[in-house]
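# Summary of the model geometry
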Amino acid sequence: MNRFRDINIKLLLFFLICIGLQHTAYTQKKNEKFVLVLDAGHGGKDPGARGVVEDEKYIALDVVLRLGKLIEDHYKDDVKVIYTRRDDTFLELSTRANIANQHKADFFVSIHCNAARPTAYGTETFVLGTEPHRSDDNFSIVKKENSVILLEENHEEKYQGFDPTSPESVIGLTLMQNVHLENSLKFADQVEKNFVNKDKRFSRGVKQAGFLVLWRTATPSVLIELGFISNPEEGRYLASIEGKKNSAESIFNAFKTYKREWDIKRGHTIKENAPVIVDKKEEKKAEAESPVEGTKYKIQFLTSSRKYRPTAPQLKGLKPVEIVKDGKVYKYYYGETNYISKRDANLNRVKRAGFPDAFVVEIQDKKSASNTKETSNTTRNEGYRIQILTSQKNYDAHAPQMKGVKPVDKFAEGGLYRYYFGWFDTEAEARNALPNIKTRGFADAFIVKFKNGKKE
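Residues numbered from 1 in each chain as written. Predicted model: local features only at pLDDT ≥ 70, side-chain atom pairs only at ≥ 80, totals over all residues. Heavy atoms only, no water.

Take the pairing of strand β13 (residues 416-424) next. Across the nine residues of β13, seven count as buried, placing the element largely inside the fold. Here strand β11 (residues 383-391) pairs with β13 via six bridges, running antiparallel. Counted as the bridge partner of Ser 391 is Tyr 417 from β13. (Buried < 20%, exposed > 50% of the residue type's maximum accessible area, 1.4 Å probe, protein only. Helix = DSSP H or I, 4+ residues; strand = E, 2+ residues; numbered from the N terminus. Pairing = 2+ DSSP bridges.)

Now the structure itself:
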């Protein structure tokens, strides 16, 4: 206990001295332009998280450069963008923070990627602070990012004996509440909203934790985790041009909202030369969305041998919930709709509630089901299909492992069973249907072309 108290006192004294000096410099700032410091996490000898396609240091740098260009293009007259690194260079955490402080930054944004078990996914944005109920969950991420200092020389002296592997040290940091917390939270909230609304990503939320790089900056600041590059699907997305572009655009949208509010508070002229970037497909869809005829969607979020009451804490506040008994188990569903946008919103709502493995179940009326049967492999032998699963087990088409995907055909080949969904006349049609199949839980699904009843 004494050791913990000594660490806190030492860190607090150091913090107060630094903030005193930095606050004086900050209030004396004479730059007319808004100064934004963009920090690409890791670099050089520090690769960061290892991805299934590309490592963290490369993805973070690419997104930072794209984000910086968007801001420079749209705010060339009133925003100065400073980069902590523009190439594959190793920088100490103290150096990154010092760059922000030396340039008297108005905001500091640090970009990172996450890594954990292959099934983990989703975005999250951190600000400096403490959330007692989440401290254990956040510590593994904080430990990973703060441990970069172990690559630095004289890190014990430089960081006042801070130990990145010690929960006590991290708690000591977070006890020193960030004086810029309110503004940091506003920016972070806009980042996560754009990830969800524009990019249709799953958000793990805005969180508070003890990141050294945020603690050392004398300015509002956020640390953005773009997603889990250890997840096969999310890793491929974040390594793609589309994923990097979308991520940069979403953060840009958040900056635009924050900058407008910042200008209003200071009585500056509001410039509308930076339009919010939207997904063109979603924009057109929103103009006149029609319901899907003959089809309804539900979100299956839980399968259990126990029957819970609708208000049970295990259902995490989801209402209304439909409970269906299937054999010896109970299946729990949320949000019936025949609109695609509502279906996607319901899925995201359920995942954010704490059911990351939830998936979409498609229910067709009798007329649609009879029409669908006409396209089975008994009447077609050419076209494109989506292969959803390969297994040594012989599953029924209605088995839970099919996750509600219908119709599914099964082929035995070389001791394995291959499961295929749908028939499509063109590859483009199959490609349009593929994201929906992936959202149901088949992240590795892919398109197969058939000719004369055999796949090419």
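Moving on from the coordinates now.
Before going further, it helps to examine unusual backbone geometry. Along the chain, Lys 319 connects to Pro 320 via a cis peptide bond; the corresponding omega equals -10°. Of note, Pro 320 is situated in the loop between β7 (295-304) and β8 (321-326). Positive phi values are uncommon outside glycine, yet Lys 104 reaches one of about 50°. The class of Lys 104 is partly exposed, set by a relative accessible area of 27%. Positive phi, normally seen in glycine, also occurs at Lys 200, with a value near 60°.

Strand order in the open sheet made by the five strands is β12-β13-β11-β14-β15, with antiparallel pairing throughout. Bordering the open sheet on either side are β12 (408-413) and β15 (454-455), each of which pairs with just one other strand. Sitting on the sheet, helix α14 (residues 427-439) is in contact with β11, β13 and β14 (446-451), with an inclination near 35° to β11. (Contact = heavy atoms within 4.5 Å. Axes fitted to C-alpha atoms, helices over the stretch in contact; angles between N-to-C directions.)

Before going further, it helps to examine the environment of Arg 216. Within the element layout of this structure, Arg 216 appears in the loop between α8 (212-215) and β6 (221-228). Owing to a relative accessible area of 15%, Arg 216 belongs among the buried residues under this scheme. When the C-alpha positions of Arg 216 and Thr 95 are compared, they lie 9.6 Å apart, and in sequence the two are 121 residues distant.

So, on to the sheet that holds β6. Taken together, six strands build an open sheet; the order of strands is β2-β1-β3-β6-β4-β5 and the sheet is mixed. Pairing within the sheet leaves two strands with one partner each, and these edge strands are β2 (79-83) and β5 (203-209). Averaged over all pairs of adjacent strands, the angle between strand axes in this sheet comes to 20°, irrespective of strand direction. Of the strand pairs in this sheet, strand β4 (residues 123-128) and β5 are connected by five bridges, and their pairing is parallel. Bridge assignment links Val 127 to a residue of β5, and that residue is Gln 208.

A separate point is the packing of aromatic side chains. Taken as a whole, this structure holds 16 aromatic pairs when the rule is applied. Pairing Tyr 121 with Phe 202 gives two aromatic rings, centres 5.2 Å apart and planes at 50°, and the pair type is tilted. Of this pair, Tyr 121 sits in the loop between β3 (107-114) and β4 while Phe 202 sits in the loop between α7 (181-197) and β5, and the two are 81 residues apart along the sequence. A relative accessible area of 15% means that Tyr 121 is categorised as buried. Judged by centre distance (6.3 Å) and plane angle (55°), the ring pair of Phe 421 and Phe 424 falls under tilted. Its relative accessible area of 12% is what places Phe 424 among the buried residues. Among the aromatic residues, those joined into a ring-pair cluster are Phe 34, Tyr 75, Phe 252, Phe 255 and Trp 262. Over the aromatic face of Phe 355 sits the side chain of Lys 316, whose NZ or CZ is 4.9 Å from the ring centroid. (Phe/Tyr/Trp six-rings, centres within 6.5 Å; stacked < 30°, edge-to-face > 60°. Lys NZ or Arg CZ within 6 Å of the ring centre and 35° of its normal.)

To continue, consider helix α12 (residues 340-353). Spanning 14 residues, α12 covers 20 Å between terminal C-alpha atoms, matching the ideal 20 Å at 1.5 Å per step. Of all the residues in α12, the buried ones are Arg 343, Asn 346, Leu 347, Asn 348, Val 350, Lys 351 and Ala 353. Within two residues after α12, Gly 354 carries a phi angle of roughly 125°, on the positive side. (Expected span 1.5 Å × (residues − 1).)

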